[in-house]
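Summary of structural features
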Amino acid sequence: MTFDLSVITDHWRFLAYGIGVTVALAAASGAASLALGFVVALARLFGPRWAKHAVVLYIDSMRAVPVLVVMVWTFFALPILTGLTMRPFAAALIGLTVHLAAYAAEIYRAGIESVRPGQTRASLALGMSRAQILRRIVLPQALVRMLPAFGSLLSVTIKDTAIASVIAVPELMRQSETLAGQSFQPIEVYSFAMLAYFLILFPVTRGVDRLYRHVAHLGRS
Amino acid sequence: MNFDWSVVGAHRDALAAATGTTVLLTVTTMAIAVPCGIVVASLRLYAWAPLRAIATAYVELFRNLPLILVVYWAFYVLPIATDLRLSPFATGIAALALNVTAYNAETFRAGIGSIRRGQLEAAMALGMSRTQAVRRIVLPQAVRRILPVLASTWVSLFKDTSLVSVIAVTELAYVAMQIRAQTFRVLEMLTAMAAIYWLLGYPQAKLVDWIQRRYAVTE
Amino acid sequence: MSRRAKENGAKIIRYRGVTKRYGAFEALSGVDLDVHAGEVVCLIGPSGSGKSTLLRCTNALETIDGGEIEFEGAQLPRDERALREVRRRMGMVFQSFELFPHLTALHNIAEAPRTVLKARRAEAEDRARAMLAKVGLSDKASNYPAALSGGQQQRVAIARALAMEPDVMLFDEPTSALDPETIGEVLSVMKALADEGMTMVVVTHEMTFARRVGDWVAVFDAGRIVEQGPPRQIFDAPTTERTRDFLSHLGWHGATL
């Protein structure tokens, strides 16, 4: 069995485009889910009762339903309901964001709740407002504690972009599928894809570990 | 915009069978991945350096690859590499098991490693052998820490079975999307698919919460 | 009983030229010490001076790099199985208690007799109850460690070690992790043990305890014993500069009992 790398080198632009889309989708959905997740977490922690219930239902639903199903439904079914046409990238972005935001919200919540109540009491005693306490005392400590979990979520985000291949988003997985099918050289192409994903993901997980060790003491109270 | 929800009822047998396949995939994979995970974790903890390195490399590799890619790779590469012609179902199991074993190995390793050394020392100071100390003192405590994570992995696995649909394994996602293609009732079938996953997954998620509460570790 | 009388008793433990290294760092540099039957030997000194290390070498939780340790007339064996036999005759109490969190107080105490001595369950539990009574915690038998205070946990830990009927008890800073209010209850138990004639080696910062209950005190510094003698000598009339420095740092200014 010979390993013919020419299929990779001949089509490197095609594959590089896929990597670019992967990174773009991961970054966009990562950022969006961080933002949405924060709002959701605040609603759960500080919102009215009905909001708390709605949020818990949303979060638990995202824990129950696979990403694939969310993405497929967003791409095929949502347009029927809303009458809007949707491009694959947009559908993947929305699906991923909605799914990941639920996990992000839980990370925010756990982080905020893990800061000792004494910190809040001390701040109140000093005359700070609740918003100030959250912003200046609790969140900074909480954010440090959330780092490992968010790092893990980033890793999941990048891996889940590969699922967007199912709705024909031209990210790396899809490009690899196409190339493997056309060239009849699945071993070389998929091995390359594995290498590419590994090289993207491994530094992310290691980097988060390192960063956390560096700043861990800031989160201890 | 007209909806015909009867299409779901009309295909309920196919959907039920597909759901069964999903459950079967989950159970079979876990049945393989738990013992294998224990083996790999033991290698990482106790074996001599080269074996430890291989075990670590395996875990790091599969934790840093998208599962859907592993599924495709298993489908196209395994037959050529091993000369076996595996059914899509078996290929799906292979890919899922490779993936979940790696996660389990990490869970077991971290669980055992999280038990303070002092516990082992206290047991040995009382005259217990290492084996006795591990079996009666370290493992019971480790299990309490491992169980919630394992439960969480189970639910993730349940959702991940949807990914083997890409190699035409007749589980829920594949069958639902086939029916959609045949009947053109897109919204109905996809919503039904989501609903069935939700009905099965929601209680599992709640069960995981309960397990985590019950086995919460208080030092 | 005074030290002189106990000197005629059997040497339970003999340390001769004990050396222990961690990489380039020498934790113990030639320690000589005798522990006689029925004696309470207190090891004092600054943190990191090797006191705890010596204790952990005594029951072979750590292995020494030089010199020898004799227990009841025989050198510590190298074979793991023989070592286990030796450990059964020594009891150890840890600074962090190390109770088994998944077992009740009663089962913590009964565990080793059942597992190691192969005692039957009823017998082991009876013995455990007796030990609990001895340390004053009969009513806590079915409590889990998490429900006990630090002092209570340490007393259970002492009972756990006693249940094995050891010939010597090793205490590694037994009260360092306790709140001041609970230190007293643990020291009382230790004093009662000493009064009963138990041979004890105690690493401690509780100078009052060492002065009152100890028969022999060894002052450690940088892996060596810089001075050893009866409490009266060490605390009231130390002969070395190091000892004087150490004691004055602790705020000890001569006998005030």
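Located above this text is the structure these notes cover.
Computed from a predicted structure; not experimentally measured. (Residues numbered from 1 in each chain as written. Chains lettered and ligands numbered in written order. Predicted model: local features only at pLDDT ≥ 70, side-chain atom pairs only at ≥ 80, totals over all residues. Heavy atoms only, no water.)

Here we look at the overall build of chain A
Definition in use: Note on conventions: DSSP H or I runs of at least 4 residues are helices, E runs of at least 2 residues are strands, and numbering of each starts at the N terminus. The buried label applies to any residue whose accessible area, calculated with a 1.4 Å probe on protein chains only, is under 20% of its type's maximum; exposed applies above 50%, and partly exposed to all values in between. Contacts between residues were defined by any pair of non-hydrogen atoms, one from each residue, lying within 4.5 Å. Method for areas: the Shrake-Rupley scheme with a 1.4 Å probe, in which residue coverage is limited to the protein chains shown. We treat Lys and Arg as the positive residues and Asp and Glu as the negative residues; His and chain ends play no part in the count. To locate a charge, take NZ of a lysine, CZ of an arginine, CG of an aspartate or CD of a glutamate.
A tally of regular secondary structure across chain A gives 9 helices and 0 strands. Across its three principal axes, chain A shows a C-alpha extent of roughly 70 × 45 × 25 Å. Put simply, chain A has 221 residues, and 47% of those count as buried. Taking all contacts inside chain A whose residues are at least 6 apart in sequence as the whole, residues at least 24 apart take part in 75%. Accessible surface computed for chain A: about 10900 Å², of which carbon and sulfur atoms make up 67%. Computed over 19 positive and 10 negative side-chain charges, the separation of the two mean positions in chain A equals 20 Å.

Considering the packing of aromatic side chains
What counts here: Only centres within 6.5 Å qualify two rings of Phe, Tyr or Trp (six-membered ring in Trp) as a pair; their planes then separate them into stacked at under 30 degrees, edge-to-face at over 60, and tilted for everything else. Lysine and arginine charges are scored as sitting over a ring when NZ or CZ, respectively, is within 6 Å of the ring centre and within 35 degrees of the ring normal.
Taken as a whole and assessed by the stated rule, the structure comprises 10 aromatic pairs over all chains. Between F38(A) and Y108(A) the ring centres are 5.1 Å apart and the planes differ by 65°, which places this aromatic pair in the edge-to-face class. Here Y108(A) lies in helix α5 (residues 88-114) and F38(A) lies in helix α2 (residues 12-46), a separation of 70 residues in the sequence. A relative accessible area of 25% places F38(A) in the partly exposed class. Taken together, a centroid distance of 5.2 Å and an interplanar angle of 85° make the contact between F75(B) and Y76(B) edge-to-face. Here F75(B) falls in the partly exposed class, since its relative accessible area comes to 31%. These aromatic residues form a ring-pair network of at least three members: Y190(A), Y72(B), F75(B) and Y76(B). For R180(B), the ring lying beneath its charged end belongs to F76(A), and the centroid distance is 4.5 Å.

Focus: the interface of chain B and chain C
Rules: In short, buried area is how much 1.4 Å probe accessible area vanishes from two parts on joining, totalled over both. A side-chain nitrogen of Lys or Arg and a carboxyl oxygen of Asp or Glu constitute a salt bridge if their distance falls within 4 Å.
The interface of chain B with chain C comprises 19 residues on the first partner and 26 residues on the second. Between chain B and chain C, roughly 1900 Å² of surface is buried when both sides are summed, and carbon and sulfur atoms account for 59% of that area. Seen at the junction of chain B and chain C, the total is 3 salt bridges. The partner of R56(C) in a salt bridge is E121(B), and the shortest N-O contact between them spans 2.9 Å.

Considerations on the pairing of strand β2 (residues 25-36) of chain C
Residue and element names in this part refer to chain C. Note the threshold: Any two strands with at least two DSSP bridges between them are considered paired.
Where strand β1 (residues 11-22) and β2 come together, 9 bridges link them in antiparallel fashion. When the sheet's bridge partners are listed, T19 is paired in β2 with S29. Hairpin connection between β1 and β2: a loop of 2 residues separates the two successive antiparallel strands, and G23 in this loop has a positive phi of roughly 65°.

Examining the sheet that holds strand β10 (residues 224-229) of chain C
All names here are of chain C. In plain terms, the rule: Every angle, taken between N-to-C directions, lies between 0 and 180 degrees, and every axis is a line fitted to C-alpha atoms, over only the stretch in contact when it is a helix.
The strand order across the open sheet formed by 6 strands is β6-β7-β8-β3-β9-β10, and the pairing between neighbours is mixed. Looking along the sheet, the strands with just one partner apiece sit at the ends: β6 (90-93) and β10. Looking at each pair of strands side by side, their axes are set apart by 15° on average, direction ignored. In this structure, strand β3 (residues 40-44) lies alongside strand β8 (residues 199-203), joined through 4 bridges in parallel fashion. Opposite C42, over in β8, you have V202 as the bridge partner.

Regarding the sheet that holds strand β5 (residues 74-75) of chain C
Residues and elements named next belong to chain C. The strand order across the open sheet formed by 4 strands is β2-β1-β4-β5, and the pairing between neighbours is antiparallel. In this open sheet, the two edge strands, each paired with only one partner strand, are β2 and β5. Looking at chain direction, strand β4 (residues 66-71) and β5 are connected through 2 bridges and run antiparallel. Its bridge partner lying in β5, F71 is registered against A74. Packed on one face of the sheet, helix α2 (residues 51-58) meets β1, β2 and β4 and runs near 115° to β1.

Some remarks on the interface of chain A and chain B
This is how it is decided: Between N or O atoms, a polar contact is any pair within 3.5 Å; within protein, one atom must be a potential hydrogen donor and the other a potential acceptor, and residues adjacent in sequence are included only when both atoms are from side chains. Residue polarity follows a fixed list, in which Ala, Val, Leu, Ile, Met, Phe, Trp, Tyr, Cys and Pro are nonpolar, Asp, Glu, Lys and Arg are charged, and the others, Gly among them, are polar.
If you look at the interface, chain A gives 39 residues, while chain B gives 39 residues. Counting each side, the surface lost to burial between chain A and chain B is near 3400 Å², with a carbon and sulfur contribution of 75%. Applying the counting rule to chain A against chain B returns 3 salt bridges. Ionic pairing is found between R63(A) and D209(B), a salt bridge with its closest N-O pair at 3.2 Å. Remark: the boundary between chain A and chain B carries 12 residue pairs in polar contact (both at pLDDT 80 or more). Sort the elements by how many residues they give to the side of chain A that touches chain B and helix α9 (residues 186-215) of chain A lands first, with 12 residues. Residue classes in the side of chain A that touches chain B are distributed as 29 nonpolar, 5 polar and 5 charged.

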